[in-house]
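# Structural overview for review
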Amino acid sequence: MRRNWWKAASVAVTAAMFLGGTGTVAFAEESTEAETGSESSITYPLNSDKTISWYAQDNLIPHEKYKDASESPFHTGLAEKLGVTIDWSFPTTGTDGGTYTNTLLADPSSLPDIMGAYFMANADQYIDDDIIWDLTPYIQEYAPDYYAWLQSNPAYDRAMKTDSGKYYCFGFFREDGGWNDSYQGPVVRKDWLDECGLEVPTTISEFENVIRVFNEKYGATFDSAYAIRWKQMGICGAFGAYGNALVDSSWGWYIDDDGKVQLAQAQPEWRNYVSWLSKLWADGLIDQDIMTEDDTTIKNKIHNGKCGIAVTSMGQLNNWNKEAEAAGSSEEWIGIPYPKSDDGEISAIFGGPGVGTSTTVVTKTADEDTMKLCLEVLNYSYTEEGRLYWNYGEEGVSWDYDANGVPEFTSLVTDDADTDPMTKYNGATWGGPCIQLTNLLHLKNSQAAIDANDTWYYIYPDDMDKNTKVTSGWKWPVGVTFTTEESDELDEISGNIGTYVEESYASFLNGSKDINDDDVWNSYLSDLETYNLSRILEIRQQCYDRYVER
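Definitions and cut-offs
- Residues numbered from 1 in each chain as written.
- Predicted model: local features only at pLDDT ≥ 70, side-chain atom pairs only at ≥ 80, totals over all residues.
- Heavy atoms only, no water.
- Buried < 20%, exposed > 50% of the residue type's maximum accessible area, 1.4 Å probe, protein only.
- Helix = DSSP H or I, 4+ residues; strand = E, 2+ residues; numbered from the N terminus.
- Pairing = 2+ DSSP bridges.
- Expected span 1.5 Å × (residues − 1).
- Contact = heavy atoms within 4.5 Å.
- Core = buried A, V, L, I, M, F, W, Y, C linked by side-chain atoms within 4.5 Å.
- Axes fitted to C-alpha atoms, helices over the stretch in contact; angles between N-to-C directions.
- Salt bridge = Lys/Arg side-chain N within 4 Å of Asp/Glu carboxyl O.

Take the pairing of strand β5 (residues 170-174) next. By the criterion of burial, β5 is predominantly enclosed, with five of the five residues buried. Alternating positions in β5 separate into two faces, Phe170, Phe172 and Arg174 on one and Gly171 and Phe173 on the other, with burial throughout. Where β5 and strand β12 (residues 355-362) come together, three bridges link them in antiparallel fashion. The partner of Phe170 across the bridge, within β12, is Thr360. Two elements, β5 and strand β15 (residues 435-436), share two bridges in a ladder whose sense is parallel. By the bridge assignment, Phe173 is partnered in β15 with Ile435.

Glancing now at helix α25 (residues 533-548). Between its first and last C-alpha, α25 extends 22 Å over 16 residues, near the 22 Å set by a 1.5 Å rise per residue. Three or more residues of α25 are buried, namely Leu533, Ile536, Leu537, Ile539, Arg540, Gln541, Cys543, Tyr544 and Tyr547. In this structure, the buried side of α25 is in contact with α8 (154-159), β8 (253-255), β9 (261-263), α22 (484-493), α23 (497-510) and α24 (518-530).

As a further point, take the nonpolar core. Residues Trp230, Trp270, Tyr273, Tyr505 and Leu528 are the most contacted members of the largest nonpolar core, which totals 91 residues. Filtering out sequence-adjacent residues up to four positions away, Tyr505 remains in contact with Trp230, Asn244, Ala245, Trp270, Val274, Leu277 and Met291. In this structure, Tyr44, Leu78, Phe119 and Ile435 belong to the second largest nonpolar core, which totals 78 residues.

Our focus in this paragraph is the pairing of strand β7 (residues 221-224). By the alternation rule, side chains of β7 split into Thr221 and Asp223 and Phe222 and Ser224, which are all buried. With four bridges connecting them, β7 and strand β10 (residues 307-313) associate as parallel partners. Its bridge partner lying in β10, Asp223 is registered against Ala310.

Let us look at the sheet that holds β7. The mixed open sheet is built from four strands, whose spatial order is β7-β10-β6-β11. Both outer strands of the open sheet, β7 and β11 (333-335), are each paired with one neighbouring strand and no more. Ignoring which end each strand starts from, the neighbouring axes of this sheet average 25° apart. Relative to β11, strand β6 (residues 184-189) runs antiparallel, the two being bridged by three bridges. Across the sheet, Val188 pairs through a bridge with Ile334, a residue of β11. This element, helix α15 (residues 314-326), spans β6, β10 and β11 of the sheet and lies at about 135° to β10. Packing against the sheet, helix α20 (residues 447-457) makes contact with β6, β10 and β11, and its axis sits at approximately 120° to β6.

Before going further, it helps to examine the pattern of salt bridges. All told, the structure shown has 28 salt bridges when counted by the stated rule. Across the salt bridge formed by Lys279 and Glu208, the nearest N and O atoms sit 3.5 Å from each other. With a gap of 71 residues between them, Lys279 in helix α13 (residues 268-282) and Glu208 in helix α11 (residues 204-218) connect regions that are remote in the sequence. Look at Lys279 and you get partly exposed, because its relative accessible area is 38%. Where salt bridges share partners, they join Lys65, Asp416, Asp418 and Lys424 into one cluster.

Purely geometric numbers; function is a separate question.
Put into C-alpha cells, the structure is as follows:
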C-alpha cells in the first residue's frame, strides 16, 4: 500500500568515445500505465518511441558489479518507469570525469541529449553559445513537479536559474538541507579515550592534548581520510578561519559578516590556524601523508594503531568500525565535535545548504520535441513515485514499507555483502537530478555514523540561526553564475591562484616556509596579488551581489 509519508515530511523542510561506457536501456514494451500516487499532470510511463542519450559525469555510474547500464537494476528499471529508451554514457574507466566532460563539450554538435556535470558557474555562457537549452518557457508545462519543488523554497529556485532568471538545469537536493551536507568531521578511537582517562575533546586545546597523549602512549598521529576533505576545511573553524587549501570555486572563497567576498587563505585567522598545524607537524604529530591520503591508503594506519584521531566521513566511519568488528578488534571509532576555540567559538565547519553543485542540463543536440521529452524524463524523480524509486529502487524488490509506513531495504540489499549494495537499485546515494531523502542516509549508515553527523552538524543546537551561519551561511553560494565576459576573464587570470595557494599551504605546513615570519607572510600576500587576487575578488563580488538580488 502506498503511503504519503514523504509528502508530509518534505513540505516541512565524440561517438566513439561513448562506446567504452555506454549501456542502452530500453523500457519494457508491454508496460502498462502505472499509478504514481502523485499530483503530477504528467502520466508515467510516457511510452515514447524516442531514444534519449544521457551522460553522467560523476553520479549514476552503474555499480561496479555491472559491465554497463544494461545490467544495472536502477538504470533498466528507470527506463521501464519512464517508458523511454535511454542510451547511457559515462567517462571511460580511469579517466578524470571533468576532463572527459570538457572533451565532449569541445564538439557541441554531437553532445548527448542530457548531460549531468557541473554547469552552474558558466550557465549563461553555455546558453549564449547555444550549447544548452534555456528551459524557462517550458519548465512549468513539461516539468511541473520539479517546478513546484523549486517554488517550495526560495533558495532552491534562486540556485537553479541565472541572474537574468533563466532556468537551465535540474538540481540535486538533500531533503533536510544542512544535516545531510555535514557528512564529515572529526572522529576518535573511543577505546583509547577510555584507556587514557580522557573526555571527548570540545576545544582546540583539548583536541591537541588528545593528539599528544595518543602519540606518546601509542605512537599514533593525527590524519585525514581522503586528502580532498582535509584540504577543504580541516578544523580551521577553531581559529576563526574558513578553509585549508584553495581547492576550487566552492572552498576558499567565503562571504564575511559584511557581505564581502574574501579569500580564506589571505586572512590572519588562516595564518594562525596553519601556524598551529605547522607546530604539530614539527613535533611529529601529523601524518606526513595527510596531503595525499585517501580512503584506501589510510586503512592500514587506522587498523594498525598508527592513527587514533582523524577527519573522515560517515561512510568511512561505518567501514572502519565494521572492519574492526570483523577482525575481532576492540577498536571503536566515534564522531566528536568540531573543536571550538578555547573561548567556545567556531567560525565554520564542512557543510552546506542542501543544494548540490552537480547539474543536469538538456543540450541543443536535442531538437525541441526531444527537449520537451527530456524535461518530462527529468521531472519524474521529483514526483512522489519517482523520488521513492530514485532513493530506494523498486517497491517490493529492493525496499518495502516497515510497520510504521517508512521505507526500508529488503534482504536483497541488507544481506548483500558488496560495497554500497543499495546503489545497484537507486540513484540518489551520491547525487543526480533528484531529491536525496534523509531516510536513505539513515538506512545506509550505522547508528554510530548517524550520531557522528548529529555531533558535527549541531554545533549550536539551541541557536539554529547561529548553527546555520557556521554550517553554511559563510559559504560561496551554490548557483552563482558568471556572465560570459566574467567567465572569459576568470579563465584567463585565475587559473594558477589555486595551485599557488595549495603549494604555499603545504610549504607552511611542513615548515619549508616559516609562516610565523612576517616577511615570509607578507611576501605570500604580495604574491597573491601577482595572481590577480584583487581582480578575482572584484569579479566574484559582482557575481555575489547579483545573486543576492535575484
